[in-house]
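Structure assessment
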Amino acid sequence: MIRRNRTPEVMAISEHELTVMTKDVEHLHEDVGMPAMLSAVEEWKEKSRTSRRGFLIGAGAVAGGAVLAACGSSSSPSTTTTKAATSGKAGTLTGDLAVAALAASLENLAVAAYGDVLTAATAGKLGTVPPAVATFATTVKAQHAQHAQAWNSAIVAAGHPAVTGPDTVLVPVVDKAFAKVTNVTGAAQLALMLEGTAAATYQSAVSAVKATSAIQVAASIQPVEMQHAAILNFVLGQYPVPLAFSTTTAARPLTDYTG
Amino acid sequence: MRGRLTYSRPPQDVQEHDIDTRALGDLMEASQDIHTDAMVDTGAALDEMVELGQEARARGSIDLDESREVAAQRSRMRTGAAFGGGILAAAGIAGALDALFASPAFASSATDVQILQTAASIEVLAAGTYKTALTLPFIGGASANGVVKAFATMTMQQHQQHLDAFNAAITGLGGKAQNNSDPTLAKVVAAAVPGLTGPGPVVALALELETGAAETYTVNVATLSNANAKKLTASIMGVEAQHASVLLAVQALLNANAPQLITLSPTNVANLPAAAGSVGFPTAFFPTSMARPASEGALS
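Computed from a predicted structure; not experimentally measured.

Notes on the nonpolar core
- Counting residues in each nonpolar core, the largest one holds 131 residues, and the members touching the most others are A:Trp151 and B:Ile139.
- A per-element tally of this core places helix 3 (residues 95-122) of chain A first, with 17 residues.
- Ignoring anything within four residues of it in the chain, the contact list for B:Ile139 reads B:Ala133, B:Leu134, B:Ala144, B:Val148, B:Lys149, B:Ala152, B:Pro199 and B:Val202.

Here is the structure:
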């Protein structure tokens, strides 16, 4: 398991209360956030089923067919993502579904990366891991998995296989960066890059996709990635909201998916 | 920065205001530099909108009644049906939405203006609320937590920048700038003011405003017709969500009677309780149940 600091006295008080609050927000997630997004996805899926043509539906196979089977089980961070990358191929979906595929691949990459961080932490390769960081990585990994599932539900509804591989262009970049990570700070910086990339891509997607329901899905995820980034900045001792206007500078191009 | 920091056990008696204000100032200055770069993108979008607005004005005046109805219908459908009304309702409404969105471009621009005016009215209120909060001794005075004070100051400025940008977009589309507060939310703030006797209630009020703003913009990006208005809103919604995220974390630490942990230091993370690692992002998908109606802050 992940090594945790012995906590100072103040945590004996705060931990319980914060845990209660966390349970409250988990209920909020179940009651509010998820139904809102699901309705948008369902609308998109319904359109996909009834209108298998035009920009909503792309033809052909889906890229990144490799399953991240090694995710979370390897002690070598670079090995996990590289395995997935070598099985990737250019995708042939078009229009909104291509954007969905790109988004899913970014989410898969994030899931893999956080899985690698947790694996490395468990193996003691990151030094002492504060409990808040462990909770962060575990929670964020789960949320990224949910994001990937949301995008894939639309892709599958359109009659295509789910995108289960990571963004193949980013994989070598992340692998190279992760190979240099030796502590929690390094892991947080890498995570910040991934979150910034995802948020920027979704912000760009809001203008790129055509279906209103697809816009809604992207819009329901971008703020969450931004929140991940804010907390990472806080963890790194940096100002958590550095920009009044978020940018699309770090957005991944569709060619990450289409090749 | 990597490799410089160590996560050794922090001191047990961290002082409540133990922050390096100079370092904090440097961080905020660095943020301003990044912000300047970000404004290049926003400025380009606004420039395009000015041109569009000039074209709209050349065609004549905007029918506010028509656009208000369009805005209200869109908002109801997006927040009430498409998001919360279930699959069947959403599917059945799709056709109606398509018809609505096929309205003349002129009406769409007017609707966009109303949506943007409501956004501006939220920003007016947010900036004003932070400004007022900063006059309180426990937020902006000598007894304030340094990070909370810095956050309130910076966030007030960011909301003012959002207001300026929304108003630039509004005038760019041929509408009138909105410099008044959202009337409904203003009542909420007014009702809360007598209870602002400590940091907790102020944070709770700010959180309500930030959440309302972020959720409103999350809806708006799917509702706005104008591409640049959509881009502008998309560039702000996540920032408001970040404000909410910080406030959630601050609120949790205040409720846990651990204000000394509200500090910007790379070593502080070692002190934070485990739950602090997830309290700032309670949902995997940003909700919209607190989104304000599209025309709530529109000018009549």
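Having seen the structure, we can now continue with the description.
Quick look at the packing of helix 3 of chain A against helix 5 (residues 170-179) of chain A
Residue and element names in this part refer to chain A.
- Relative orientation of the contacting elements helix 3 and helix 5 amounts to 20 degrees, with a least axis distance of 11 Å. Judged on the interaxial angle alone, helix 5 and helix 3 are roughly parallel. Crossing angle aside, the handedness with which helix 3 passes helix 5 is right-handed. When helix 3 is examined against helix 5, the residues Leu 106, Leu 109, Asp 116, Val 117 and Ala 120 are found in contact with a partner set consisting of Leu 170, Val 171, Val 174 and Phe 178.
- Along the lines of polarity and charge, the residues of the contact of helix 3 with helix 5 split into 8 nonpolar, no polar and 1 charged.

So, the packing of aromatic side chains
- Across all of its chains, the model carries 5 aromatic pairs over all chains by this definition.
- Between A:Phe136 and B:Phe281, the aromatic rings sit 5.4 Å apart at their centres with planes inclined by 85 degrees, giving edge-to-face as the arrangement. Highlighted residues: A:Phe136 in helix 4 (residues 131-157) and B:Phe281 in the segment after helix 8 (227-255), drawn from two different chains.
- For A:Phe136, a relative accessible area of 5% puts it in the buried group.
- Taking the relative accessible area as the measure of exposure, B:Phe281 reaches 1% and is therefore buried.
- Taking 5.3 Å as the distance between ring centres and 55 degrees as the angle between the ring planes, the aromatic pair formed by B:Phe166 and B:Tyr217 counts as tilted. Of this pair, B:Phe166 sits in helix 5 (residues 146-172) while B:Tyr217 sits in helix 7 (residues 199-223), and the two are 51 residues apart along the sequence.
- Every member of this aromatic cluster is reached through a ring pair, and the members are A:Tyr114, A:Phe136 and B:Phe281.

Definitions and limits used
- Residues numbered from 1 in each chain as written.
- Chains lettered and ligands numbered in written order.
- Predicted model: local features only at pLDDT ≥ 70, side-chain atom pairs only at ≥ 80, totals over all residues.
- Heavy atoms only, no water.
- Core = buried A, V, L, I, M, F, W, Y, C linked by side-chain atoms within 4.5 Å.
- Buried < 20%, exposed > 50% of the residue type's maximum accessible area, 1.4 Å probe, protein only.
- Helix = DSSP H or I, 4+ residues; strand = E, 2+ residues; numbered from the N terminus.
- Contact = heavy atoms within 4.5 Å.
- Axes fitted to C-alpha atoms, helices over the stretch in contact; angles between N-to-C directions.
- Parallel < 35°, antiparallel > 145°, perpendicular 65-115°, else oblique.
- Left-handed = near helix turned anticlockwise from the far one by under 90°.
- Nonpolar A, V, L, I, M, F, W, Y, C, P; charged D, E, K, R; others polar.
- Phe/Tyr/Trp six-rings, centres within 6.5 Å; stacked < 30°, edge-to-face > 60°.

Note that every value here comes from positions in space, so none of it alone points to a role or purpose.
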